[in-house]
Amino acid sequence: MDKLKNLLLPLALIFGAIAVFETGARYGASNMRAHAIASELQLPLSIYIAGQSTMDAAAKAQWAAIIDHGIAAGAIHRQLWYLNEEAKGQLDKALSFALSVRGDGTAKRYELIANSEDQPSGLSDTKLHEIQSAINRAKVELIDNARKDDGVDQVKDSV
């Protein structure tokens, strides 16, 4: 029993170090993923905007699907409480631009997927509902509330 007592402190220190390392790695990876999602949205958005007048319907739908997937990933990811300010700001900036470009198209796409009988594999009703609520929340926070704030600032500036 005494030998076991002598091993408890070193084991506790080892497990504590592993927990600290894992926590730091998780937070760092989440912040880097937020930057990656934001930068991954830039290319499809620029192609979609630049080629809207010359693209056929199939190409528009394909680029819109890529953008909508990025918006969904970003909307889910921005809800993490441990994102640092820089990563969250970058993600919010990219999401607000993407949501303003796509309008209500992203929310409608996931609504149609949820209501269709042949849902993609790996997407349960719960996951689809989570994606829809994250997109709607991001739209309200980044687009709708931003417009209200801009109007308040403009009124304050004019007075």
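Right, let's walk through the structure included here. Since the structure is predicted, the reported quantities are computational estimates derived from the model, not experimental observations.

Moving on: the packing of helix 1 (residues 2-50) against helix 2 (residues 57-77). Packing of helix 1 against helix 2 leaves a shortest axis separation of 9 Å and a crossing angle of 160°. Judged by the angle between their axes, helix 1 and helix 2 are roughly antiparallel. Remark: the crossing between helix 1 and helix 2 carries left-handed chirality. Facing helix 1, whose interface residues are Ser 30, Arg 33, Ala 34, Ile 37, Leu 41, Pro 44, Leu 45, Ile 47 and Tyr 48, helix 2 presents Lys 60, Trp 63, Ala 64, Ile 66, Ile 67, Gly 70, Ile 71, Ala 73, Gly 74 and His 77. Taken together, the residues of the contact of helix 1 with helix 2 sort by class into 13 nonpolar, four polar and two charged.

Bringing the nonpolar core into the picture now. Grouped together as the largest cluster of nonpolar side chains are 27 residues, with contacts concentrated most on Leu 41, Ile 71 and Ile 135. The element that contributes the greatest number of residues to this core is helix 5 (residues 125-158), accounting for seven residues.

In this section: the pattern of salt bridges. Across all of its chains, the model carries six salt bridges by this definition. The closest approach of N and O atoms between Arg 102 and Asp 68, which form a salt bridge, is 2.8 Å. Taken as a pair, Arg 102 in helix 3 (residues 85-102) and Asp 68 in helix 2 lie far apart in primary sequence, 34 residues in all. Given the relative accessible area of 14%, Arg 102 is considered buried. Look at Asp 68 and you get buried, because its relative accessible area is 0%. Its salt-bridge partner being Glu 141, residue Arg 78 comes within 2.7 Å of it at the nearest N-O pair. With Arg 78 in the loop between helix 2 and helix 3 and Glu 141 in helix 5, the pair connects residues that are 63 residues apart, well separated along the chain. Within this structure, Arg 78, Asp 92, Arg 137 and Glu 141 form a network of salt bridges that share partners.

Reading the values: the criteria
Residues numbered from 1 in each chain as written. Predicted model: local features only at pLDDT ≥ 70, side-chain atom pairs only at ≥ 80, totals over all residues. Heavy atoms only, no water. Axes fitted to C-alpha atoms, helices over the stretch in contact; angles between N-to-C directions. Helix = DSSP H or I, 4+ residues; strand = E, 2+ residues; numbered from the N terminus. Parallel < 35°, antiparallel > 145°, perpendicular 65-115°, else oblique. Left-handed = near helix turned anticlockwise from the far one by under 90°. Contact = heavy atoms within 4.5 Å. Nonpolar A, V, L, I, M, F, W, Y, C, P; charged D, E, K, R; others polar. Core = buried A, V, L, I, M, F, W, Y, C linked by side-chain atoms within 4.5 Å. Buried < 20%, exposed > 50% of the residue type's maximum accessible area, 1.4 Å probe, protein only. Salt bridge = Lys/Arg side-chain N within 4 Å of Asp/Glu carboxyl O.

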